[in-house]
Amino acid sequence: MPMSLRLAPLIWLVVAVLGAFTLGGVALHRGEPINALWLIVAAGCVYALAYRFYAAWIAARVLVLDSERLTPAVRLANGRDFIPTHRWVVFGHHFAAIAGPGPLVGPTLAAQFGYLPGTLWIVLGAVLGGCVQDMVTLFFSLRRDGRSLGQMARDELGPIAGSAALIGTFMILIVLISALGLTVVNAMKHSPWATATVAATIPIAMLIGLYMHQLRPGRVLEGSLIGLSLLLLATFGGGWIDTLPGVRSWFDWDGASLAWAIMLYGFAAAILPVWLLLAPRDYLSTFLKLGTVFLLAIALVVLNPVLKMPAITPFVDGTGPIFAGPVFPFVFITIACGAISGFHALVASGTTPKLLDNETQIPMIGYGSMILESFVALMALIAATMLDPGVYFAINSPAGVIGTDPAQAAAVITGWGYPVSAAQMAELAREMGETSLFSRTGGAPSLAAGMASIFSSAFGERLLAVWYHFAIMFEAVFILTTLDAGTRVGRFLLQDLLAYVWAPLGRTSWTPSVLLSSALVVAAWGYFLRIGVLDPNGGVNILWPLFGISNQMLAAIALSVATGILAKSGRLRYAWVTGLPLAWLAFVTTTAAGYKIMSPDPRIGFFAGARDLAEKLAMSLLPPEKAAIAPQLIFNLRVDGWLTLFFALLLWIIVLDMAYTVGRVAAGRSVSPLRESDPRRPMNFPDGEQA
């Protein structure tokens, strides 16, 4: 037996012991500040063990992957949506599509509870829930010609659950994309560097798409090197533009202008062939994403810093200044994508299964991408908790909580037990190249400040402003790739729904259907994006809780579909793999929805917030600028409340329908047949069109 095989069990035993020791140390440590390296080592060991053993077991025993089975990308190739693609390009596209604001903004906002709750959920929630959901959803969609999550629910669970899933997933997706767009707007507004660089990535992606698909097919390495060089040039070019007074103003956009620009980009990404814009842009942005994340990890290892935020803060009781609500359940819905995200199920049953050319790549792309996203979330949490707590709360607390006067704001935060001064914040803003950092809500600015502090300490303190604006640009690029993929997935979902109105509208690549469905999807999420842009509190309290709740509900829907399919396919003994995380999510999201619907606290409950705002408006207690938009905010809060209730009802319709199906299987009674596609022949479409 080779030496490497004899040593393998010992190596994995060491990894397991090291992981248990460091994770236990993180969970039990109190008193002295803890070093960030403990979090990194603990997470790395858990990720390695989970991928090597749990993912491999699921692939071999639960899903039984078949390398000889033809995938939809091979059988249904049409040059527009179904395209066999190199596995590393698919990995890059999938990771870029799923890694949106959740792993960056969610952990940053959740740091108000301390570093411990977020760390445990990010690491354990990912390997037991998020990675599993992504992997099994990708597999089941691949076996069904890349069908959407809602369509799979209708096919496998029946018309009631299927209709609920189709409607629910589409409406939830609209909310998710609007939150993505709001985060991009908050990161890019009045940042010419970020806006110029992000704008440059669009023509660069189209050039590389033409190069790898038309000029030099299959030359992935060549296209990657050219694209990466142009991307680096665009990054530094954005910084150069930021120094030119005349040109700088061309890219200095306010929130409303950026919202319209993002809507136009989303429409273009949804209608153009996937090889021309979406896949190459996501693939190239992955280099920037991963390069920055791993550079951040290297800097943390070199610096070996301590976390300044305590493990647990007093705000776990629900009185947090950034967002209201107790640590349970709000830490779980705030972090969302860093641990488990329903949006991933839409990508895994949307664009990715139409590109994969061999199903044995599912563990790498499904489970592996989610591990990487969880690592990104951990890096974001570390960057946020390395800031002085007073600085962290000064950046993230809304002006409505701490006031607009710097001295008053500093006094309020100091009164919470986290000292900070107006002079300290003014000096930090000057070093970052900003006029003020107070009340920069949304999570993106504080994350950028944390990243800039780490990079400048490791690679040159004189470049603090450069690193800050680089981090802002990085966040915008990071999130925008999820928005474009989400819009395209929304197009697929809406086409599934429109097919019930007129069958040709369900043809995925029929141009009139593509244009109509794309325009409707963009118009829908654009409305909610405008809600966030108008909100004087930065949109966090209006959109982010709804984003988190609906996102986790969508994950529960995906796990319900997967559990039902496992039961029907004769693998009932393995249904716990998806059933256990489903039970947890159903409990968490229902609890969170109850808080947002019924809480009398206007900072927590949507309806309570609307009533409080209406009373203040009627009594003329609002400042003029807020009174002008108060009717819109009241309407939006009520819409959020009714949507939360509607999503909760849809979730339980689907869960109960799934439980009924599983119960019939367990009792040996008949159920509807599985709807797997025949891998030996292509699907038949009207007029000879494929897909």
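Residues numbered from 1 in each chain as written. Predicted model: local features only at pLDDT ≥ 70, side-chain atom pairs only at ≥ 80, totals over all residues. Heavy atoms only, no water.

(A) Main features of the side chain of Thr292. By the element assignment, Thr292 lies in helix 13 (residues 278–303). Relative accessible area serves as the criterion here: at 5%, Thr292 is assigned to the buried category. Here Thr292 is in contact with Met451, Phe455, Phe470 and Phe474, once residues within four sequence places are set aside. (Helix = DSSP H or I, 4+ residues; strand = E, 2+ residues; numbered from the N terminus. Buried < 20%, exposed > 50% of the residue type's maximum accessible area, 1.4 Å probe, protein only. Contact = heavy atoms within 4.5 Å.)

(B) Examining the nonpolar core more closely. Membership of the largest hydrophobic core comes to 216 residues, with the highest contact counts inside it found for Phe140, Leu149, Tyr367, Met379, Ile382 and Trp525. A total of 18 residues in this core trace back to one element, the largest contributor, which is helix 22 (residues 464–498). Aside from chain neighbours lying at most four places away, what touches Ile382 is Ala36, Leu39, Ile40, Leu300 and Leu307. Membership of the second largest hydrophobic core comes to 5 residues, among which are Ile204, Ile208, Met212 and Ala234. (Core = buried A, V, L, I, M, F, W, Y, C linked by side-chain atoms within 4.5 Å.)

(C) Highlighting helix 27 (residues 624–666). Over its 43 residues, helix 27 runs 63 Å from end to end, which matches the ideal 63 Å to within 8%, given 1.5 Å per residue. The largest bend along helix 27 measures about 50 degrees and falls at Ala630, with the proline Pro631 one to four residues further on. Two residues or fewer past helix 27, Gly668 is found with a positive phi of approximately 80 degrees. (Expected span 1.5 Å × (residues − 1). Bend = angle between axes of the 7 residues up to and from the residue.)

(D) Spatial organisation of a nonpolar patch on the surface. On the surface, a nonpolar cluster with roughly 550 Å² of combined accessible area is contributed by Leu7, Leu10, Ile11, Leu13, Val14 and Val17. Secondary-structure assignment places Leu10 in helix 1 (residues 3–28). (Patch = residues over 30% accessible without salt bridge, like charges linked within 9 Å, V, L, I, M, F, W, Y side chains within 5 Å. Areas by Shrake-Rupley, 256 points an atom, 1.4 Å probe, with all protein chains shown as cover. Salt bridge = Lys/Arg side-chain N within 4 Å of Asp/Glu carboxyl O.)

(E) Spotlight on unusual backbone geometry. In the segment running from Phe328 into Pro329, the intervening peptide bond is cis, with an omega of 10 degrees. Looking at where Pro329 falls in the secondary structure, it is placed in helix 14 (residues 327–335). In this structure, Val64 is a non-glycine residue whose phi angle is positive, near 55 degrees. Its location among the elements puts Val64 in the loop between helix 2 (36–63) and helix 3 (72–75). Here the phi dihedral of Ser620 falls at roughly 55 degrees; this positive angle occurs in a residue that is not glycine.

(F) Seen up close, the packing of helix 8 (residues 159–188) against helix 27. Contact pair helix 8 / helix 27: the axes reach a minimum separation of 9 Å and the direction vectors enclose 145 degrees. Seen from above, helix 8 lies across helix 27 with left-handed handedness. Where helix 8 approaches helix 27, its residues Ile160, Ala161, Ala164, Ala165, Ile167, Gly168, Met171, Ile172 and Val175 are matched on the opposing element by Leu643, Phe646, Phe647, Leu650, Ile653, Ile654 and Asp657. For the contact of helix 8 with helix 27, the class distribution of residues is 14 nonpolar, 1 polar and 1 charged. (Axes fitted to C-alpha atoms, helices over the stretch in contact; angles between N-to-C directions. Left-handed = near helix turned anticlockwise from the far one by under 90°. Nonpolar A, V, L, I, M, F, W, Y, C, P; charged D, E, K, R; others polar.)

(G) Structural view of helix 20 (residues 422–432). Turning to helix 20, its buried residues are Met425, Leu428, Ala429 and Met432. The buried side chains of helix 20 occupy one side of the element, clustering within an arc of 100 degrees when seen end-on. Those residues of helix 20 that are exposed and aimed more than 90 degrees away from the buried face are Ala423 and Arg430. Among the residues trailing helix 20, Gly433 stands out with phi positive, at a value near 80 degrees. (Arc of directions from axis to C-beta.)

(H) Just the environment of Val247, in detail. By the element assignment, Val247 lies in helix 11 (residues 245–248). Since its relative accessible area comes to 24%, Val247 is described here as partly exposed. Spatially, the C-alpha atom of Val247 lies 9.1 Å from that of Pro192, the residues being 55 residues apart in sequence.

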